[in-house]
Amino acid sequence: MANFDQSVTTVNFSKNQLTTIPTRLVELIPSLSDINLGFNRLTCCGPDVCKLLQLMHIDLGNNQLRDLPSEMKNLTKLCSIILNYNRFNSFPEVLYQMVSLETVLLCNNQVNEVDPHRLIKLVHLSTLDLSNNDLLNIPPELGLCASLRYGALVCPLP
């Protein structure tokens, strides 16, 4: 990678064969707000991403992720996270702690349960997509998530 201009706000590394997140992204800490790492072969989300404190949007969809680092809670400006088509078997624990989240897309994984009592604390969450997962039931308490405007919990028709 060439030297980065400090005003870079968006980076798109999608549709490559990346197995790790480029370490030089930390050079963009002051400015990076949007990163697309979708359609790669990532098996973990490294700690360097958690240093990008200006990050507002991250796309990690279509990878091989099973979990997210707990340090991700430091991304206090993160509004949306795309985790579709990965290998999550549970709702990522750290997401329950990220009160800035407005959109969580987690469809087409193997998530088998979600804690509605902890989701309620995400007061800005307006879009939650858990369609095509392994949910055995939909907790009625999800109806108490007052900010939720769109929630897909079953597999939508094509």
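Quick look at the structure, then. (Residues numbered from 1 in each chain as written. Predicted model: local features only at pLDDT ≥ 70, side-chain atom pairs only at ≥ 80, totals over all residues. Heavy atoms only, no water.)

**As for the overall build of the chain**
Part 1 of the argument: When its secondary structure is counted, the chain shows one helix and seven strands.
Part 2 of the argument: Going from N to C terminus, the chain has its helices and strands arranged as β-β-β-β-β-α-β-β.
Part 3 of the argument: By the compact-globule yardstick of 15 Å for 158 residues, the chain fits well, its C-alpha radius of gyration being 16 Å.
Part 4 of the argument: Summarising its shape, the C-alpha atoms of the chain cover approximately 50 × 30 × 25 Å along the three principal directions.
Part 5 of the argument: Burial status across the chain gives 46% buried among its 158 residues.
Part 6 of the argument: In the chain, the share of contacts with a sequence separation of at least 24, taken over all contacts with a separation of at least 6, comes to 33%.
Part 7 of the argument: Just so you have it, the chain exposes about 8300 Å², and 53% of that area is on carbon and sulfur atoms.
Part 8 of the argument: Averaged over its 11 positive side-chain charges, the chain has a centre that lies 4 Å from the centre of its 14 negative ones. (Helix = DSSP H or I, 4+ residues; strand = E, 2+ residues; numbered from the N terminus. Rg over C-alpha atoms; globule rule 2.2 N^0.38 Å. Buried < 20%, exposed > 50% of the residue type's maximum accessible area, 1.4 Å probe, protein only. Contact = heavy atoms within 4.5 Å. Areas by Shrake-Rupley, 256 points an atom, 1.4 Å probe, with all protein chains shown as cover. Lys, Arg positive; Asp, Glu negative; His and termini not counted. Charge placed at Lys NZ, Arg CZ, Asp CG, Glu CD.)

**Section: the environment of His 124**
Part 1 of the argument: Inspection of the secondary structure puts His 124 in the loop between helix H1 (116–119) and strand E6 (127–129).
Part 2 of the argument: Here His 124 falls in the partly exposed class, since its relative accessible area comes to 46%.
Part 3 of the argument: Through-space distance from the C-alpha of His 124 to that of Gly 143 is 15 Å; in sequence the pair is 19 residues apart.
Part 4 of the argument: With near-sequence residues (within four places) excluded, His 124 lies in contact with Val 99, Ser 100, Leu 101, Glu 102 and Ser 147.

**Details of the side chain of Asn 86**
Part 1 of the argument: Note that Asn 86 resides in the loop between strand E4 (80–82) and strand E5 (103–105).
Part 2 of the argument: One polar contact links the side chain of Asn 86 to the main-chain carbonyl oxygen of Leu 60, over a distance of 3.0 Å.
Part 3 of the argument: When residues no more than four places from it in sequence are discounted, the contact partners of Asn 86 are Leu 60, Gly 61, Asn 62, Asn 63, Gln 64, Leu 65, Asn 108, Asn 109 and Gln 110. (Polar contact = N/O pair within 3.5 Å; in protein donor to acceptor, adjacent residues only side chain to side chain.)

**Notes on the packing of aromatic side chains**
Part 1 of the argument: Summed over the entire model, instances satisfying the criterion amount to one aromatic pair.
Part 2 of the argument: Look at Phe 91 and Tyr 96: their rings are 4.7 Å apart centre to centre, the planes differ by 40°, and that puts the pair in the tilted class. Like Phe 91, the residue Tyr 96 is buried in the burial classification.
Part 3 of the argument: Here the guanidinium or amino end of Lys 15 rests over the ring plane of Phe 39, the centre of that ring lying 5.9 Å away. (Phe/Tyr/Trp six-rings, centres within 6.5 Å; stacked < 30°, edge-to-face > 60°. Lys NZ or Arg CZ within 6 Å of the ring centre and 35° of its normal.)

**Concerning unusual backbone geometry**
Part 1 of the argument: Within the chain, Phe 39 stands out as a residue other than glycine whose phi angle is a positive 60°.
Part 2 of the argument: Structurally, Phe 39 can be placed in the loop between strand E2 (34–36) and strand E3 (57–59).
Part 3 of the argument: Overall, Phe 39 belongs to the partly exposed group, its relative accessible area being 45%.
Part 4 of the argument: One non-glycine residue with positive phi stands out, namely Asn 132, at about 55°.

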